[in-house]
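Single-letter residue listing:
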Amino acid sequence: MGTLADIAVEAGVSEATVSRVLNAKPGVSDSARQSVLTALDVLGFERPAKLRRRSAGLVGLVVPELDNPIFPAFAQVIEDALTQRRFTPVLCTQSPGGVSEDEYVESLLDHGVAGIIFVSGRHADAAADHERYRALIERGMPVAFINGYVEDVPAPFFSADDAVATEIAVAHLVQLGHRRIGLATGPGRFTPSQRKRAGFVGALRRLLDLSEKEAESWVEESLFSVEGGAASARSLVERGATGIVCASDMMAIGAIRGVRDAGLAVPRDVSVVGFDDSLLIGFLDPPLTTVRQPVHALCSAAVAAVADAIGGAPVPAREYVFRPELVLRQSTGPAPDES
C-alpha cells in the first residue's frame, strides 16, 4: 500500500479522509470515498479486503474473435457496465477452429452464470440452428443478443439499424456527385448483411432512380474481412464504381487496398465508406469516413436487460433498433470529373 500522502494527492482529499475510507469509518461523503477508491486503482494499489464489493454473480459474454477492433470495443463497454452493477463478467472469445459458441455456453452453465450476453453470434446467422437459444430461455437463463435477430426466439435483441446505415452512406456519396456506387458486404446468410443490402438497394432506387435489378447488380458479397473488402473493391472498380459502401471498417480497409492495387487513389478516384467506427479507424491513411455503431447504447441496453431479468423484472422480448450516425473524414470526396 502506498503512503496516505500519495493517495491523498491523487484523490484530492486530506490524509485524514483517506485514512477514514481505508478503515471503513463513517463521516466521509460518497464522492470523497469514490475519489479515494479511484486513486487506489490509478496508483495500482490493491483495495483492502473490507472495501471490495461483493459480486452480484457471474454473467457470460460471448463475442467473436478479437481481430476486428469493434469486438474488443463491445467487450470493454459490456464488461464496464456489468462491473458497475456488481456483476463479474466472464469473457468468451471465439476463433476459427477454436472453442465453439455451444461449448462456451456449456462451460458458462457449468460455472453457474446468472445470465449470458451474445454479440454477433449464431443469432446473426439465418442459416444456423437456433434451438440452443430457446433451450436456454426455457431453463430460465436471462439472455440478451446484440446485432442479429431471430424472430421465434423470445428474448431481447439489440441491433444497430443496418438498413439505415447503408442508406446514410449512399446519401452521402450521392450528395458528393457519385452515381456508380457499390456495396461490399459479407455473406448473405447473415441478418446484418441482408439488412445492409436492403437499405443499399432501396437507397439506389430512391436517390438514383435505378431499377431493383440494376441496384442489386452493384452488390458484391464476400467475407467480413480485409481480404473480402479488397476482392469486392477490385470487382466494383473494374465496373467503374467511384464510391464504395462497406459493411465493416475491416472491409473498408481492404477496399482502400483494392482501389490502390488498381492504380487509383482514395478519395480522388474512388470514395470509401466503412461501418463501425472502431478504435484507430480515424488514423488510417486517409482517415476513414464511416457509419458509427451506437456501441455504448447497445451495450448499456443489453446489460440492463440481463440485469433486470436476473432481478426478476425482464424487459419485453422483442428487437430494439438503434440508429447509427455518419462520421465524416477524408476517405470520401467529390465524384471524379467524367468529362
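Placed above this text is the structure.
Draft legend 1. Spatial organisation of the overall build of the chain. For the chain, the helix and strand inventory stands at 12 helices and 12 strands. In terms of its C-alpha atoms, the chain occupies a principal-axis envelope of roughly 80 × 50 × 35 Å. Within the chain, buried positions represent 48% of all 339 residues. Restricting to contacts in the chain with at least 6 residues of sequence separation, those with at least 24 account for 70%. Split by element, the accessible area of the chain, about 15,700 Å² in all, is 50% carbon and sulfur. Between the averaged position of the 32 positive side-chain charges in the chain and that of its 43 negative side-chain charges there is a distance of 5 Å.

Draft legend 2. Representation of the pattern of salt bridges in the model. Under the defined criterion, the tally for this structure stands at 15 salt bridges. As a salt-bridge pair, D162 and K196 come within 2.6 Å of each other at their nearest N and O atoms. With D162 in helix α7 (residues 162-175) and K196 in helix α8 (residues 191-208), this residue pair connects regions lying 34 residues apart in the sequence. Of the two residues examined, D162 and K196, each falls in the buried class.

Draft legend 3. Representation of the nonpolar core within the structure. Judged by nonpolar contacts, the single largest core of 63 residues is most densely connected at F74, I78, I117, I146, I181, F200 and I244. Not counting the four nearest positions on each side in its chain, F74 is found in contact with V119, I146, N147, Q293, V295, L298 and C299. Residues V62, C92, V105 and F118 belong to the second largest nonpolar core, which totals 18 residues.

Draft legend 4. Just unusual backbone geometry, in detail. For the bond from V266 to P267, the omega torsion is 5°, close enough to zero to count as cis. Looking at where P267 falls in the secondary structure, it is placed in the loop between α11 (249-261) and β9 (271-276). P286 follows D285 through a cis peptide bond whose omega is 0°. Looking at where P286 falls in the secondary structure, it is placed in the loop between β9 and β10 (289-292). Positive phi outside glycine occurs at N147, with the angle close to 60°. Tracing the chain through its elements places N147 in the loop between β4 (143-146) and β5 (157-160).

Draft legend 5. Looking closely at helix α2 (residues 15-22). All of the buried residues along α2 are T17, V18, V21 and L22. When α2 is viewed along its axis, its buried side chains cluster within an angular range of 130° and face the same direction. Directly after α2, the chain includes A24, whose backbone phi takes a positive value near 55°.

Draft legend 6. Inspection of the environment of K213 at higher detail. Looking at the secondary structure, you find K213 in helix α9 (residues 212-216). Given a relative accessible area of 73%, K213 falls into the exposed group. As a C-alpha pair, K213 and V201 span 12 residues in sequence and 9.1 Å in three-dimensional space.

Draft legend 7. The sheet that holds β9, seen in detail. In space, the six strands of this open sheet follow the order β7-β6-β8-β9-β10-β12, with mixed pairing throughout. Because the sheet does not close on itself, it has two edges, and the strands there are β7 (219-221) and β12 (325-327). Pairs of neighbouring strands in the sheet enclose a mean axial angle of 20°, with direction left out of account. Looking at chain direction, β10 and β12 are connected through three bridges and run antiparallel. Counted as the bridge partner of T290 is V327 from β12. Its contacts with the sheet put α8 on β6 (181-185), β7 and β9, and the angle it makes with β6 is roughly 175°.

Draft legend 8. Spotlight on α11. Over its 13 residues, α11 extends 18 Å from the first C-alpha to the last, a length consistent with the 18 Å expected when each residue adds 1.5 Å. The set of residues buried in α11 consists of D249, M250, M251, A252, G254, A255, I256, G258 and V259. The secondary structure elements touched by the buried residues of α11 are β6, α10 (226-238), β8 (243-246), β9 and β10.

Cut-offs applied
Residues numbered from 1 in each chain as written. Predicted model: local features only at pLDDT ≥ 70, side-chain atom pairs only at ≥ 80, totals over all residues. Heavy atoms only, no water. Helix = DSSP H or I, 4+ residues; strand = E, 2+ residues; numbered from the N terminus. Buried < 20%, exposed > 50% of the residue type's maximum accessible area, 1.4 Å probe, protein only. Contact = heavy atoms within 4.5 Å. Areas by Shrake-Rupley, 256 points an atom, 1.4 Å probe, with all protein chains shown as cover. Lys, Arg positive; Asp, Glu negative; His and termini not counted. Charge placed at Lys NZ, Arg CZ, Asp CG, Glu CD. Salt bridge = Lys/Arg side-chain N within 4 Å of Asp/Glu carboxyl O. Core = buried A, V, L, I, M, F, W, Y, C linked by side-chain atoms within 4.5 Å. Arc of directions from axis to C-beta. Pairing = 2+ DSSP bridges. Axes fitted to C-alpha atoms, helices over the stretch in contact; angles between N-to-C directions. Expected span 1.5 Å × (residues − 1).

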